[in-house]
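The residues making up each chain are set out below.
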Number of protein chains: 2
Amino acid sequence: TEIALAPKEASFDRLKLEDLLKRRFFYDQSFAIYGGVTGLYDFGPMGCALKANMLHQWRKHFILEEGMLEVDCTSLTPEPVLKASGHVDRFADWMVKDTKNGECFRADHLIKNSIEKLLNEKKTSAAVRNDCEDVLARLEGFDDKDMHEVITRFNFKSPITGNDLTEPIAFNLMFPTQIGPTGDFKAFLRPETAQGIFVNFKRLLEFNQGKLPFAAAQIGLGFRNEISPRQGLIRVREFTMCEIEHFVDPDDKSCAKFADIADQKLVLFSACNQLDGAAAREVAIGEAVAKKTVANETLGYYMARCHQFLIKVGVDPRRLRFRQHLSNEMAHYAQDCWDAEILTSYGWIECVGNADRACYDLQQHFKATNVKLVAEKKLPQPVDVDIVEAQPNMALLGKSYKKDSRRIQAALQQLSSEDVTALEAELLSAKLYKLNVGPESFDLTPDHVKIKKYQKKVHVQELTPSVIEPSYGIGRIMYAVLEHSYRQRETEDQRIFLAIKPLVAPIKCSILPISANDTLVPVMEAIKKELALHELSYKVDDSSGSIGRRYARTDEIGIPFGITVDFDSLKTSPFTVTVRHAETMTQIRLDVPEVGRLVADLCAGRLQWSDAQAKFPAFESKSE
Amino acid sequence: TEIALAPKEASFDRLKLEDLLKRRFFYDQSFAIYGGVTGLYDFGPMGCALKANMLHQWRKHFILEEGMLEVDCTSLTPEPVLKASGHVDRFADWMVKDTKNGECFRADHLIKNSIEKLLNEKKTSAAVRNDCEDVLARLEGFDDKDMHEVITRFNFKSPITGNDLTEPIAFNLMFPTQIGPTGDFKAFLRPETAQGIFVNFKRLLEFNQGKLPFAAAQIGLGFRNEISPRQGLIRVREFTMCEIEHFVDPDDKSCAKFADIADQKLVLFSACNQLDGAAAREVAIGEAVAKKTVANETLGYYMARCHQFLIKVGVDPRRLRFRQHLSNEMAHYAQDCWDAEILTSYGWIECVGNADRACYDLQQHFKATNVKLVAEKKLPQPVDVDIVEAQPNMALLGKSYKKDSRRIQAALQQLSSEDVTALEAELLSAKLYKLNVGPESFDLTPDHVKIKKYQKKVHVQELTPSVIEPSYGIGRIMYAVLEHSYRQRETEDQRIFLAIKPLVAPIKCSILPISANDTLVPVMEAIKKELALHELSYKVDDSSGSIGRRYARTDEIGIPFGITVDFDSLKTSPFTVTVRHAETMTQIRLDVPEVGRLVADLCAGRLQWSDAQAKFPAFESKSE
């Protein structure tokens, strides 16, 4: 199926693309004059503008169109927050070290590369080949013991030195630091922006006047201390992500706008398909939700919107699929997860995660802080509920525990009915109950608390919202878009260029005078004014190169439209110019006062180039 | 002078403003449910939108209008880069510790607060008062010994416990971390974005086709591990900054666009004025540069543009001044520096630095990397220059130093004429020269190198550009703007509201139906469509509160325009609505199809409210 999906443009040469991106400063390795740092990249003017345009579209497509609440939280995150979220204990990769020089390798990458090397060797026997294929298929689910077994069995060594390797060691991927001067306030750089939203849940719910569902979004940096990153923008240590946390009633994950996208077709690679060795299938998202392939409407809605966004910014739809996580890939609390994967020269790359994380995160932060992170749902009709409460004897409590008594009182009030029933049983049998208040524990005797039971009419129900989390890696999407924009001319010189979508192109048009003659200046000025009026970015290339060479230079950096000023421009009032469509190299001729609106419409996608060709006369250039 | 400048609106209550900003979630302390972290703030939907709008204006005002090259570099920065820039050795504050509990205080802040407390005490004698005033005046230039002397002489103690304090200790303000798994690659979070631009200088110069002057700009995070931050958004540990590095010929710092702004008047508080105890003066920037009060045209140009930007986003011009650094405040290499200071309830706050840093930064990175960071200037006519070169005997060098010989060759080629002359003298006298190559040193004998002297016709001159650096702290500017937007109604209820400039207001208009009656829905929909057409953000408040209460609620968050739908709206075709100007509470009535353009023009500053009042009939509301 991958071959079937692979497009015509596949005459792709990664080295040529990388050379172009570096030479024209889309991005390049950070601190290169200091020898560079792997996994860190700086964006130059072209990359910066492309990224800014993609983020602008993301904000429009999600935050504005869906009315999300945007937040902007800090990268610095105290340890207890990431302890609660599970990152301190579990956000790690297995690494193996060269036993002699200490060089580190990510264990799964080392196994994958070593296996692939084996498979490429002619002398490898059929039996070993089968074994290799089997390891590759199961590698995603391997733990440290599995990996150690494989490394030992195949006798894998360091690919650099040939030295022996250690057993896999867990390496936490968060960058550690400390806040403040004492050195004892441990913190990390956030590995994702999501936790910033969760810890602000109460404020956001209040901002939304207490109503569910609602979504919050954040655009910001994430940091991951990758063990040995080697795949350009695909695996980096500092990156921009866009995350949405959509809070929803766990008993009703329907979506009001689902009908709008129900007919939209997505290529789904379900867990079943993967386990059966079947291919990905194109399915309408409405059908996928109806058949429970995708867990619920809200998740399905975000997958469809994700598909729309990726296509809009220039991902080739034939190289896009949604792959469901297998049960062993997913966290125990997750209900369902579909990665948007994009096919690049590095293979299928996870660029967006769409996960139903249930109520795990809010509950974890509640457990860590004792601050209730819940919403209220109005019941269809009031119900009588049995209340069990532990009422403190404040006088006695004060006597026993002095200033701690207030905190004990608060902790008692926050106990669930089950907790109070357990406390009652314990006090009855053991005459003693150990109450945990934060890290401390206090002994309570039957005299300290009275158990009160009664019925109450209740109009609302408290619930911990479920969270649907779409999480976008902007650098990866950007790299995929650049690969998918790569084109080679079928002309003799076979020169390459970038067909970046006008919507996100770093520069919307070039202005090219056919000659350096001063008489053309008034036309140039008229065009600049016209473009500024429509807020269109442009690049003037009035260098002495031939017009063909200048077209090539602007095509190379993905400028979609070229405005050429020639001596005919002066002959009419208003002036006329030609507009050239870089991708097809075709040109039309029109009046300067029409140029701004035309290019703006083309960039916004309100018009296609064929529409422009229908509207304005063609112009034949002799120079290409 | 400060009193003379203080505006009428000074009925300012910081507690009320802070309450509003917290309640309506402009921003609030990060990780509050975990007890909070001082110096870290999260922006909610209102703060996020305000910040995004301010950054958008900054990008337009500087990057687009001035054609700057934007870059986006990493926060993670290897130690050698910050060693070269001087931050590892010198980016520190002096702190004193409580000798008993170890609590840390920034020494200068402790002295300032203790002195101010003394001055507030009635019993303090005239002599001590004089002494106090003298310390305050000189505090900015104090080193550790000076501060220790003051603390000892006045017998200052910890303001919390009254315990003794240690001598001042230097505390480096950068957050340390490590890159990669080995733990031996030390790095810091960048304390400013500037270094990312300097290390990319070669690529940027190339992008600009080798031509000077040009400016690069970066919008991004900076991190400073403040000792004990306590002033809200004024002093934070993680913040957004916008920095420009303008590279210019050190012998010609004139500015092509200077004439555009030469007549612009700025309030300048020169070093002379400060030393003389004179007041700040309003001066045309052209005059200030002509009289050498401001060092050069380029610096003056950026100061004028800075003034324009700050006013544009809502800084009160009466509370803005440019204060020149005293010589003891400036780094030894800096030529001149003017801080844009804004008067807030915390006093005059430095919000923008405008510095001429000469060629220090590029030279430092050259020294550390041996990579030339220079531009070429075409000479008016070719000149003959004496060349002195150290030519290596590669055969002998290879024999002596094997694989190092290439690096030695490269190092020899990079020696300046002066270095070669020194080398020649040394070889002649001592028969030995120690050549430094990075951290290593190699012994060269007269056999290893031959000194070659000749004349060469030279058409270009190499130069290390000077750097003019405007550096904007966006959080501080935003806080100042919020303070300056604070207003109190002169009505009975004296309610407060924010008169944020429409250009940067988080939400541009509110839509308020006078009643929940369904018949008004078509008007509401027509308005929403009209606003979407002009890309104007809005907030619908259809809650049941009285219209007056709803106006108050939208005024409070700085929504500049309110669109009210009443039953008269339906009586005409097209529908009509009223538009209310929050600041003056006056209203006009107009057709719905005119609303979008009017509000867009008002927000962009193309129209003032008085223009709108002249154009459309007034509407008298009975509800306020």
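Summary of the structure given here. Counting starts from 1 at the beginning of each chain's written sequence and moves along it residue by residue. All chains are assigned letters beginning at A, and all ligands numbers beginning at 1, according to the order in which they are written. Selection of residues for local features in this predicted model requires a pLDDT of at least 70, selection of side-chain atom pairs for listing and counting requires 80 or more, and totals for whole chains, interfaces and linings are taken over all residues. Side-chain measures were taken over the full set of non-hydrogen atoms in the model, leaving aside hydrogen atoms and water.

**Things to note about the sheet that holds strand E10 (residues 214–223) of chain B**
All names here are of chain B. Any two strands with at least two DSSP-identified bridges between them are counted as paired. A helix here means a DSSP run of H or I that spans at least four residues, while a strand means a run of E at least two residues long, and both kinds are numbered starting from the N terminus. If you walk across this open sheet you meet the 9 strands as E3-E10-E11-E21-E16-E15-E14-E12-E13, and the pairing is mixed. Pairing within the sheet leaves two strands with one partner each, and these edge strands are strand E3 (69–71) and strand E13 (281–284). Strand-to-strand twist of the sheet, defined as the mean angle between neighbouring strand axes without regard to direction, takes the value 30°. With 9 bridges connecting them, strand E15 (residues 336–344) and strand E16 (residues 347–356) associate as antiparallel partners. Note on E16: the bridge partner recorded for Thr 344 is Gly 347. The sheet strands contacting helix H3 (residues 45–64) are E3, E10, strand E11 (238–248) and strand E21 (466–473), and the helix crosses E11 at an angle near 0°. Here the axes come from fitting lines to C-alpha atoms, over the contacting stretch only for helices, and the angles between their N-to-C directions go from 0 to 180 degrees. Contact criterion: two residues are considered in contact whenever any of their non-hydrogen atoms come within 4.5 Å of each other.

**Regarding the pattern of salt bridges**
A pair is scored as a salt bridge if a Lys or Arg side-chain nitrogen falls within 4 Å of a carboxyl oxygen belonging to Asp or Glu. Under the defined criterion, the tally for this structure stands at 94 salt bridges over all chains. For the salt bridge of A:Arg153 with A:Asp131, the shortest nitrogen-to-oxygen distance reads 2.3 Å. Highlighted residues: A:Arg153 in helix H8 (residues 144–154) and A:Asp131 in helix H7 (residues 126–138), separated in sequence by 22 residues. For A:Arg153, a relative accessible area of 41% translates into the label partly exposed. On the basis of relative accessible area, A:Asp131 is assigned to the partly exposed category, the value being 24%. Salt-bridge contacts for B:Asp541 lead to B:Arg553; the nearest nitrogen and oxygen are separated by 2.8 Å. Highlighted residues: B:Asp541 in the loop between strand E25 (538–540) and helix H21 (547–556) and B:Arg553 in helix H21, separated in sequence by 12 residues. Each residue is assigned to one of three classes by its accessible area relative to the maximum for its type, calculated with a 1.4 Å probe on protein chains only: buried under 20%, partly exposed between the two thresholds, exposed over 50%.

**Here's the deal with helix H15 (residues 360–369) of chain B**
Residue and element names in this part refer to chain B. Buried within H15 are the following residues: Tyr 360, Asp 361, Leu 362, Gln 364, His 365 and Thr 369. The elements touched by buried residues of H15 are helix H4 (79–84), helix H5 (87–90), helix H9 (194–199), helix H10 (201–207) and E11. Backbone geometry just after H15 places Asn 370 at a positive phi near 65°.

**With respect to the relation of the copies chain B and chain A**
Taken together, a rotation about one axis and a shift along it account for how the two chain copies relate. All copies are superposed by least squares; the fitting set is the C-alpha atoms of residues with a pLDDT of at least 70 in both. The operation relating chain B to chain A is a screw motion whose rotation component is 180°, with 0.0 Å of axial translation and a residual RMSD of 0.1 Å. Taken together, the rotation and translation relating the two chain copies correspond to the operation of a two-fold axis. Every residue of chain B has its C-alpha some distance from the rotation axis, and the shortest such distance is that of B:Thr177, at 2.7 Å. Taken as a fraction of all interface residues of chain B, those also at the interface in chain A reach 100%, which identifies the copy contact as same-surface.

**A word on the packing of aromatic side chains**
In summary, the pairing rule links any two rings of Phe, Tyr or Trp, Trp by its six-membered ring, whose centres are within 6.5 Å, and it sorts them by plane angle into stacked for under 30 degrees, edge-to-face for over 60 and tilted for everything else. As enumerated under the stated definition, the model contains 36 aromatic pairs over all chains in all. Relative to B:Phe156, the ring of B:Phe154 lies with its centre 5.2 Å away and its plane at 10°, an arrangement referred to as stacked. Exposure class is identical for B:Phe154 and B:Phe156. Each is buried. An aromatic cluster is built from A:Trp58, A:Phe62, A:Phe309 and A:Tyr472, whose rings are joined through pairwise contacts. Residue placement shows A:Lys51 over the ring face of A:Phe43; its charged tip is 5.1 Å from the ring centre. As a reminder, the over-ring test applies to NZ of lysine and CZ of arginine, requiring each to be within 6 Å of the ring centre and within 35 degrees of the ring normal. Stacked on the ring of A:Phe497, the Lys or Arg A:Arg489 has its end atom at 3.7 Å from the ring centre.

**A few points about helix H8 (residues 144–154) of chain B**
Residues and elements named next belong to chain B. Those residues of H8 lying buried are Met 147, Val 150, Ile 151 and Phe 154. Projected onto a plane normal to the axis of H8, the buried residues spread over an arc of 95° and lie on a single side. Looking at the buried residues of H8, the elements they touch are strand E5 (92–97), helix H6 (107–120) and helix H7 (126–138). The term polar contact refers here to a pair of N or O atoms within 3.5 Å; inside protein, the definition further demands a hydrogen-donor-capable atom paired with an acceptor-capable atom, and it admits residues adjacent in sequence only when both atoms are side-chain atoms. By the N-cap criterion, in which a side-chain oxygen at the helix start approaches the backbone nitrogen of a residue two or three places on, H8 is capped by Asp 143, the distance to Lys 145 being 3.1 Å. By arc we mean the arc of the directions from the helix axis to the C-beta atoms, nothing more.

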